[in-house]
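Residues per chain, in single letters:
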Amino acid sequence: TPDENALAADLFDTSLFKDILPVIGVNDISGAIKGDLVIWSYHVIIFESLININGEEYAFAWWAGTRQSDNGNNIKNNVCFGKYKLDGDYVVRRPLKK
């Protein structure tokens, strides 16, 4: 992770954090692999896989910070696993080990 706290807006800025979180794609998920970060609209998800539903792309991913209650299925300990539609502007970053 960056040495200082980073907001989602900071991660969306492709000129920042290139040394440890290089940009893999801008509005393009085709090069993403499991563990990449997808940042958009002040949200960050951890990419698991890509799915296509009725011609629209979705990321299966982990997202922390949900206000929904644990349901024993896809929401546990304030973390939600689900599908997220990939529309609008987004940035894909790949965490690197230092």
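The rules behind these values
- Residues numbered from 1 in each chain as written.
- Predicted model: local features only at pLDDT ≥ 70, side-chain atom pairs only at ≥ 80, totals over all residues.
- Heavy atoms only, no water.
- Pairing = 2+ DSSP bridges.
- Helix = DSSP H or I, 4+ residues; strand = E, 2+ residues; numbered from the N terminus.
- Polar contact = N/O pair within 3.5 Å; in protein donor to acceptor, adjacent residues only side chain to side chain.
- Contact = heavy atoms within 4.5 Å.
- Salt bridge = Lys/Arg side-chain N within 4 Å of Asp/Glu carboxyl O.
- Buried < 20%, exposed > 50% of the residue type's maximum accessible area, 1.4 Å probe, protein only.

Colleague: Could you clarify how one ought to interpret the sheet that holds strand S2 (residues 37–40) in this entry?
Modeller: Backbone-to-backbone hydrogen bonds join strands into a sheet, with any given pair of strands oriented parallel or antiparallel. Taken in spatial order, the seven strands line up as S1-S7-S2-S3-S4-S6-S5 in an open sheet, and their pairing is antiparallel. Either end of the sheet is taken by a strand with one partner, and the two such strands are strand S1 (23–26) and strand S5 (75–76). Note that S5 and strand S6 (residues 79–85) share two bridges and pair antiparallel. By the bridge assignment, Ile75 is partnered in S6 with Cys80.

Colleague: Just checking my understanding: could you explain the side chain of Asp36 for this structure?
Modeller: For Asp36, the location among the structural elements is in the loop between S1 and S2. Only 2.9 Å separates the side chain of Asp36 from the backbone nitrogen of Ile33, close enough to count as a polar contact. In this structure the side chain of Asp36 is engaged in a polar contact, spanning 2.8 Å, whose partner is the side chain of Arg94. For Asp36, the contacting residues outside a window of four places in its chain are Ile24, Gly31, Ile45, Ile46, Phe47, Val92, Arg93, Arg94 and Pro95.

Colleague: Please clarify how the pattern of salt bridges should be interpreted in this entry.
Modeller: Scanning all chains against the criterion turns up three salt bridges. Across the salt bridge formed by Lys34 and Glu48, the nearest N and O atoms sit 3.4 Å from each other. Residue Lys34 is found in the loop between S1 and S2, and its partner Glu48 is found in strand S3 (residues 43–53); the two are separated by 14 residues along the sequence. A relative accessible area of 61% places Lys34 in the exposed class.

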